[in-house]
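Geometric and topological summary
For reference, the chains in residue letters:
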Amino acid sequence: MATPQIAPAAALLPFADRFLSRPTIPLWLAFAYVVVMAVVGLTFHTVGDYEIETAFFETDVPHARLVASGELPIADSRGPAHTTLLGIAALVGLDLFRSAIVLGVLAGGIILFAAHRVLARVFQADHAFLALLVTAFNPAFVKFTYTASPDMIFAAWSAGAILFLLGKERPTRRDLVLAALCAAGAYLTSYAGVYVIVVVPILFLWMNAFSLPWKERLAATRTFLVAFVIAIAPWGIYQLIQTGDFFGFEFSPGLSSHFFSDLVALLGWPGGVLVLLGIAQLVFVRPTNLQAAFYVYGLVFFVTLIGLDDREGESLILIPFYASLAISALSWEGLRSITIFKRATLSGVLGLVLAVWTFHVSYQFNRQNINAGPREIPVIAEAFRAATPQPDKNAAVAARRPHIAYFLDMRLTPFPAAPTLDSLRSALDAQDVSYVFFSRMEAGRRPEFSALLDPARAPAWLMPVSSTSVPPAVLYRIERNTQQPAE
């Protein structure tokens, strides 16, 4: 007995079907998201957190400055695309932290635009609209939009590749080349982009998702892979010369699945349950070739992440896939056949409820997290600049994390592993450190120096320059002309 295919009939939101079918809808939705998140991110995200964004200040900022000076550094597990974009910003004198936020916001808009175009093509306009709302309101999606990291950039490149591959009934050679260039951009941002060398042959050769004769399937696969290899080859050759390795990653598939942790981290339990129901539905209602291709694309990427040590940020591109599965679960014929006020189906209403619930969860989550970083650092940096009109940019500051060095525009020296104030002073002198930053972060790891949180209890050779009381943090200048012994 043949398994029935998903029916394209019965709009989920019949009252808005004509409006949602307009071709400009994805552009306006993406534009609105970019404007809102640019204002939110640049206004409220004043300092990076001590988790994800530590890598930004520790690696991306110095690498971007090297790019601006004409060098091309190599980082672990990622290519040069993100730091090159930041390097351009540094070259024209822009603030790198705020530039990274702007890049993330623009990337978020690109993802939403591409996701809507693909979902409207693969499913229908109202399905795409509801899935887009769930994606745009997703807590993790919003968080990484304003987070200074390469993850949103990687997702945007990946979304571009999906758009050019699945956005038409049959991709042209131009589409294949553009898809390959986007895929190369993803790979050169994060090596998780290697998934494309698996997914494209699967779509064209095994699934024949576009109903092409063998000769055209082989030609399309060859066009994509050749364009992809040509695009990444210069970086691979450079890396081979510098390190002896063309690829900067090791693929080691694990047996453990990140699927359920993915659902919890990205969607929460209601959305996760709907995703599971959407997957179950695929067993009983056979998807179209294009729908199957869409889900296989996401599946191959998910498996790739398992082999490359999956991270929440790199899973962002999966959110539209999960959102689509959730809306598909709500599109069950029994729900879709029930109308409410003769203007909407129960499926559509439940989809809107899911979007509203997602927005509520996202608002509560990001309200707490958007400025959860060390807010004392910009305050201390501003007071320092006011007290020091011409600071020495070659000066070094000792701290546990790199954030303070960025905001002071200084070199970072890791806080020395010294057991006493005497040995701390000696270690700082040996490293030619001019300033010491001491906050709860330093006190947590070095409780023997907790007295330094109070400027009044500091030794004479540490002169407080600026400080905050809530939370406690002090920037000290090292005085080398005092002979008072440390206690």
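Another point: the overall build of the chain. Counting its regular elements, the chain contains 21 helices and seven strands. Dimensions of the chain along its principal axes, counting C-alpha atoms only, are 90 × 55 × 40 Å. For the chain, the residues scored as buried account for 53% of the 487 residues in total. The contacts of the chain with a sequence gap of at least 6 include a subset with a gap of at least 24, amounting to 73%. Of the accessible surface of the chain, which amounts to about 22600 Å², a share of 63% is contributed by carbon and sulfur atoms. Taking the 34 positively charged and 34 negatively charged side chains of the chain as two groups, their mean positions are separated by 11 Å.

Here we take up the confidence of the model for the chain. For the chain, mean pLDDT is 87; residues scoring 70 or higher make up 91% of the total. Every residue in residues 1-9 is under pLDDT 50, and counting partners more than four places away or in other chains gives 19 contacts.

Turning to the sheet that holds strand S4 (residues 411-414), a few remarks are in order. In any sheet, the strands associate via hydrogen bonds between backbone groups, in a parallel or an antiparallel arrangement. In spatial order, the strands read S4-S3-S5-S7-S6; together these five strands make up an open sheet with mixed pairing. Lying at the two open borders of the sheet, with one neighbouring strand each, are S4 and strand S6 (462-469). Taken pair by pair, the neighbouring strands of this sheet meet at an average axis angle of 25°, ignoring direction. Contacts from helix H18 (residues 376-387) reach strand S5 (435-439), S6 and strand S7 (472-478) within the one sheet, and its direction differs from that of S6 by about 135°.

On the surface, a cluster of nonpolar side chains totalling about 430 Å² of accessible area is made up of Trp-28, Phe-31, Val-35 and Val-39. Residue position: Trp-28 is located in helix H2 (residues 25-44). When its relative accessible area of 56% is taken as the criterion, Trp-28 is described as exposed.

Rules behind the numbers
Residues numbered from 1 in each chain as written. Predicted model: local features only at pLDDT ≥ 70, side-chain atom pairs only at ≥ 80, totals over all residues. Heavy atoms only, no water. Helix = DSSP H or I, 4+ residues; strand = E, 2+ residues; numbered from the N terminus. Buried < 20%, exposed > 50% of the residue type's maximum accessible area, 1.4 Å probe, protein only. Contact = heavy atoms within 4.5 Å. Areas by Shrake-Rupley, 256 points an atom, 1.4 Å probe, with all protein chains shown as cover. Lys, Arg positive; Asp, Glu negative; His and termini not counted. Charge placed at Lys NZ, Arg CZ, Asp CG, Glu CD. pLDDT = per-residue confidence, 0-100. Pairing = 2+ DSSP bridges. Axes fitted to C-alpha atoms, helices over the stretch in contact; angles between N-to-C directions. Patch = residues over 30% accessible without salt bridge, like charges linked within 9 Å, V, L, I, M, F, W, Y side chains within 5 Å. Salt bridge = Lys/Arg side-chain N within 4 Å of Asp/Glu carboxyl O.

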